[in-house]
Amino acid sequence: MSENMSDNMNENMSMQEYIEEAERDLLHTYNRYQVVFDKGEGVYLYDMEGKKYLDFVAGIAVFALGYGNRDYNDALKAQIDKIIHTSNYYYNVPAIEAARKLKKVSGMDRVFFTNSGAEAVEGAIKAARKYAYLKDGTTDHEIIAMEHSFHGRTMGALSVTGNPHYREAFEPGIGNIRFAKLNDIDSVRELVNEKTCAILLETVQGEGGIFPAEESFLKELRKICDERDILLILDEIQCGMGRTGYMFAWQKYGVKPDIMMCAKALGCGVPVGAFLMTEKVGTHSLAASDHGTTYGGNPLACAAVSRVLDLFEENHIIEHVRKVGAYLEKRLDELAAKYDFITERRGAGLLQGLVFDRPVAEYIAQALKDGLVLINAGANIIRFVPPLVITEEDVDKMIEILDGALSGSR
Ligand SMILES: *Cc1c(COP(=O)(O)O)cnc(C)c1O
């Protein structure tokens, strides 16, 4: 067999040459940082040149268990050798076990596995519309979503995303979406009518700037939904899976949704998402032939989910997040007090934002040079979504590097 060298990783190609090739070949939908990450170990990433970086992004709230977790990797390797894919026309053990474990930690009753967060949002929207359709036989039902929300890039998910900038060029969206203001219950009440089939929001807004929904707001939403048989849909894709110190952020307030979405850390790197619902919605919405997916819930992805959920329990991840999350808050508050151009810290657990009175891109770029990976949430906010296994020493190290990057520009 002859090997075509140009198709294989060429030992002689530099990081810069790979970056140039990427800029020629990949569709330019991201302004990427000038780095090629090559491997990970614990909470550290290494680029192609062997430079080491402390990672406070975790692939955007994905790699909760840290890189190179032996148990996780072994579970995936074992599944690869058994079977990677069958079809949803057949049962598979990893999907059944993953669903059982996900039900246990969420208290929800029915699970549909997807390949991504956006697809989980799509499924939730379809389930809500079908639920309303089965009740009154009409269509044109409305969904109330929130301003500044982010739910993904596919057409349905984009249509409920409360950032006009993301939507504008792609209008019309799916239609019949109304936007209310997060934590402003009157703005929701004004929009509720007999056509409303669902109220959809992130329990803690991620991309939109790390805005947690308030307890009173969530409770009022639950009340409105109960009174009018409207479905409460919570997007836990970023804030779920232990990130806020609860398996799912709504559990802190006991405001249980009718449908919830999960992805990002669900597979810790293997592309997988899910939408979950109560038995009531499960038996009165999507039925056979209403929804499907080729890959969703395949044995490899579900072996990851299953092992991730075991490891969360075995390693007491929730308890750890509460402890180290409180420490991160304290250290970030100190940093906010030190620099007058930092106006606020907000967030929950290991989902935190530092709000600046100016763009943060330059600070993030400097931190990257100094060996720290950070990401923004909007132009003026640095977001902290590290692996959930970080320690207080890692937090100290992060603060030290970030402090250096900030003081350079005073
Ligand atoms: C990332 C994200 C999504 C979209 O998930 P993808 O896997 O990128 O499609 C949806 N909702 C929230 C809150 C997210 O953070």
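Residues numbered from 1 in each chain as written. Predicted model: local features only at pLDDT ≥ 70, side-chain atom pairs only at ≥ 80, totals over all residues. Heavy atoms only, no water.

**Quick notes on the pairing of strand β14 (residues 351-356)**
Logical step 1: In terms of burial, β14 is a largely internal element, six of the six residues being buried.
Logical step 2: In β14, alternate side chains face the same way, and those of L351, G353 and V355 on one face and Q352, L354 and F356 on the other are all buried.
Logical step 3: Here strand β13 (residues 342-348) runs beside β14; their pairing, made up of six bridges, is antiparallel. Across the sheet, R346 pairs through a bridge with G353, a residue of β14.
Logical step 4: In this structure, the hairpin formed by β13 and β14 is closed by a connection of two residues, where G349 is found at a positive phi of approximately 60°.
Logical step 5: Summarising the sheet, β14 and strand β17 (residues 381-384) pair through four bridges and their orientation is antiparallel. Looking across to β17, one finds that G353 is bridged to R383. (Buried < 20%, exposed > 50% of the residue type's maximum accessible area, 1.4 Å probe, protein only. Helix = DSSP H or I, 4+ residues; strand = E, 2+ residues; numbered from the N terminus. Pairing = 2+ DSSP bridges.)

**A word on the packing of aromatic side chains**
Logical step 1: Applying the stated rule across the entire model yields nine aromatic pairs.
Logical step 2: Aromatic pair F37 and Y53: ring centres 5.2 Å apart, planes at 85°, arrangement edge-to-face. One end of the pair, F37, is in strand β1 (residues 37-41); the other, Y53, is in strand β3 (residues 52-55), and 16 residues separate them in sequence.
Logical step 3: Considering the side-chain rings of F150 and Y166, the 5.7 Å spacing of their centres and the 80° angle between planes classify their relative orientation as edge-to-face. With F150 in the loop between β5 (142-146) and α6 (155-159) and Y166 in helix α7 (residues 164-167), this residue pair connects regions lying 16 residues apart in the sequence.
Logical step 4: On the basis of relative accessibility, which here comes to 16%, the residue F150 falls in the buried class.
Logical step 5: Using a relative accessible area of 21% as the deciding quantity, one classes Y166 as partly exposed.
Logical step 6: Ring pairs connect the aromatic residues Y339, F341, F356 and Y363, which therefore count as one cluster.
Logical step 7: The ring of Y166 is capped by R153, whose NZ or CZ atom sits 4.2 Å from the centre of that ring. (Phe/Tyr/Trp six-rings, centres within 6.5 Å; stacked < 30°, edge-to-face > 60°. Lys NZ or Arg CZ within 6 Å of the ring centre and 35° of its normal.)

**Here we look at a nonpolar patch on the surface**
Logical step 1: Judged by side-chain polarity, M155, F170 and I174 come together as a nonpolar surface patch covering roughly 260 Å² of accessible area.
Logical step 2: Looking at where I174 falls in the secondary structure, it is placed in the loop between α7 and β6 (177-180). (Patch = residues over 30% accessible without salt bridge, like charges linked within 9 Å, V, L, I, M, F, W, Y side chains within 5 Å. Areas by Shrake-Rupley, 256 points an atom, 1.4 Å probe, with all protein chains shown as cover. Salt bridge = Lys/Arg side-chain N within 4 Å of Asp/Glu carboxyl O.)

**Some points on the packing of helix α3 (residues 70-82) against helix α11 (residues 299-314)**
Logical step 1: Where α3 meets α11, the axes come as close as 9 Å, and the angle between the chain directions of the two elements is 155°. Considering the angle they form, α3 stands roughly antiparallel to α11. α3 and α11 meet at a crossing whose hand is right-handed. Contacts from D71, Y72, A75, L76, Q79 and I80 of α3 reach α11 at P299, L300, A303, A304, R307, V308 and L311.
Logical step 2: Tallied by class, residues from the contact of α3 with α11 come to 10 nonpolar, one polar and two charged. (Axes fitted to C-alpha atoms, helices over the stretch in contact; angles between N-to-C directions. Parallel < 35°, antiparallel > 145°, perpendicular 65-115°, else oblique. Left-handed = near helix turned anticlockwise from the far one by under 90°. Contact = heavy atoms within 4.5 Å. Nonpolar A, V, L, I, M, F, W, Y, C, P; charged D, E, K, R; others polar.)

**Here's the deal with helix α4 (residues 93-106)**
Logical step 1: Over its 14 residues, α4 extends 20 Å from the first C-alpha to the last, a length consistent with the 20 Å expected when each residue adds 1.5 Å.
Logical step 2: Taken as a whole, α4 has its buried residues at P94, A95, A98, A99, K101, L102 and S106.
Logical step 3: Where α4 is buried, its residues touch α3, β4 (110-114), β11 (259-262), β12 (273-277) and α11.
Logical step 4: Its side-chain oxygen placed 2.8 Å from the backbone nitrogen of A95, N92 serves as the N-cap of α4.
Logical step 5: A positive phi of about 75° marks G107, the residue just after α4. (Expected span 1.5 Å × (residues − 1). Polar contact = N/O pair within 3.5 Å; in protein donor to acceptor, adjacent residues only side chain to side chain.)

**A word on the site of the ligand**
Logical step 1: The ligand sits among S116, G117, A118, F150, H151, G152, E202, D235, I237, Q238 and K264.
Logical step 2: At a separation of 2.8 Å, an oxygen atom of the ligand approaches a polar backbone atom of G117.
Logical step 3: A distance of 2.6 Å is found between an oxygen atom of the ligand and a side-chain nitrogen or oxygen belonging to K264.
Logical step 4: Out of a free accessible area of 380 Å², the ligand has 81% covered by protein chains.
Logical step 5: Broken down by class, the residue content of the shell around the ligand amounts to three nonpolar, five polar and three charged. (Near = heavy atom within 4 Å.)

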